Amino acid sequence: MATEREITNLPGLISALPTEDHALAERIFDVSTTTGRLDPPKAMHAWIEKSFGSVDRVTAQRIVKVTNRITLEGTLFNELRASRPLDTGVSLDLDREISATEGDPFCHPHDGTPADVFGRVEGEHATTASNIAKYDGFHGVVVFDDHNPLHLTPDKVAGYVAVGLEWGQKAIEADLEARYPFLMWNCLWRAGGSIIHGHAQVTATRGTHYPKVERLRRTAAAYKREYGSDYFEDLARVHTSLGLDVPLEGVHAFASLSPIKEKELVVVGADPADPSLSRAVGALLQGYVQDLSVRAFNVAFFMPPLRLTEEDWSDFPTVVFIVDRGDPANRTSDMGAMELYAASVVASDPFRVAEALREDLSA
Ligand SMILES: [Zn+2]
């Protein structure tokens with residue numbers, strides 16, 4: 001009998017892979033399972049059945065721990081947590097709240113926002129502004145033409161990214177040392193966005209790349225030295241062999257086996273300026289919003305520097321991370337001490353995430 005494609009069956013699914021894929025999966029991932037048990041008093045049974053469906057689901061809970069041996073990032077999956085009761089706080093009508101802020105400074109960026117020292121980049125779907133309280137020496141905002149950040153399409157997202165990349169070029173023309181670009185998008189409050197109006201952010205840093213980007217470069221370089229193959233290609237192959245890929249033109253896209261938080265997607269492309277990469281990101285985000293009901297999300301582009309550096313970036317692709325940050329109506333943060341200092345605890349099953357996005361994109 002075939003093993004059901006569920007994260008809790010991951011050890012069996014890996015065992016069933018063809019020899020080479022199996023070896024690659026075991027090279028990259030350490031997977032173990034455990035069962036958490038408890039003994040609820042009779043008086044709790046009715047409440048447990050109401051909250052979790054059945055008492056049996058709670059008394060023995062299967063937990064899968066996935067550790068990426070190469071990057072030492074890891075995740076604990078417990079599907080029961082998806083249905084646990086949460087303090088959901090005040091319910092809010094998100095669309096109404098978003099439209100109530102129409103007419104904000106980002107709706108008229110030319111007189112509502114400062115320009116950078118090199119001016120503004122104006123694109124088809126966005127205009128840049130200079131961030132007023134900066135993360136770094138160069139810190140810009142890609143202000144979308146759309147007020148509502150959730151009205152996104154692959155075309156619009158490709159436009160946002162193109163404007164952000166051109167901003168990076170302007171920054172390096174203004175300062176040849178500002179050679180390391182970073183592009184990010186914090187959509188709505190739970191994702192760290194303080195302004196509702198659709199916007200992404202771009203920075204350019206000097207010296208070395210941001211530590212998390214540099215760490216991934218070093219990790220991939222060490223992998224290549226040890227195994228003679230490309231880490232990102234191998235990572236994508238493991239996810240594809242397990243059926244976690246979302247087929248999109250010109251990129252590798254997959255639902256991560258070691259997500260940092262809910263429904264994390266990874267997109268690997270050759271060049272940040274390749275429109276098939278930004279369109280793929282846009283298609284996945286559209287699927288996020290329309291099919292997975294995601295409202296708050298983060299997007300981060302890991303990109304090589306724009307000028308030659310001492311360290312070797314020749315094998316480093318563009319890697320984009322996309323993650324769901326939870327329901328805006330929920331007051332409980334999705335990140336606690338476990339996520340910040342130990343391992344991520346995730347409820348969403350990457351197999352369901354990949355399946356939902358594949359269905360959406362083939363529809
Ligand atoms: Zn606005």
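Attention here is on the structure that accompanies the text. (Residues numbered from 1 in each chain as written. Predicted model: local features only at pLDDT ≥ 70, side-chain atom pairs only at ≥ 80, totals over all residues. Heavy atoms only, no water.)

Before going further, it helps to examine the side chain of Asp349. Topologically, Asp349 is positioned in the loop between β12 (344–346) and α12 (350–362). Here the side chain of Asp349 touches Ile7 through a polar contact of 2.9 Å, landing on its backbone nitrogen. Once residues within four sequence positions are removed from consideration, Asp349 is found in contact with Glu6, Ile7 and Glu79. (Helix = DSSP H or I, 4+ residues; strand = E, 2+ residues; numbered from the N terminus. Polar contact = N/O pair within 3.5 Å; in protein donor to acceptor, adjacent residues only side chain to side chain. Contact = heavy atoms within 4.5 Å.)

Let us look at the sheet that holds strand β6 (residues 180–187). Reading across from one edge, β4-β5-β7-β6-β10-β11-β9-β8 is the order of the 8 strands in this open sheet, with antiparallel pairing throughout. If you trace the sheet from one side to the other, it starts and ends with β4 (126–130) and β8 (252–255), each paired once. Across the sheet, the mean angle from the axis of one strand to that of its neighbour is 20°, orientation sign disregarded. Bridge count between strand β10 (residues 297–302) and strand β11 (residues 318–324): 6 bridges; the pairing is antiparallel. The residue bridging Phe297 from the neighbouring strand is Asp324, located in β11. (Pairing = 2+ DSSP bridges. Axes fitted to C-alpha atoms, helices over the stretch in contact; angles between N-to-C directions.)

Here we take up the coordination of the zinc ion. Only Asp104 (OD), Cys107 (SG), His147 (ND1) and His197 (ND1) from the protein reach the zinc ion as donors, at distances of 2.0 to 2.2 Å. Between the 4 donor atoms coordinating the zinc ion, the angles at the centre fall across 92 to 128°, so the site counts as tetrahedral. The sequence pattern describing where the donors of the zinc ion fall on their chain is D-x2-C-x39-H-x49-H. On the basis of relative accessibility, which here comes to 34%, the residue Cys107 falls in the partly exposed class. (Donors = N, O, S within 2.8 Å, 3.2 Å for Na, K, Ca; no water. Tetrahedral: all angles 85-135°; square planar, octahedral: opposite > 155°, others 65-115°. Buried < 20%, exposed > 50% of the residue type's maximum accessible area, 1.4 Å probe, protein only.)

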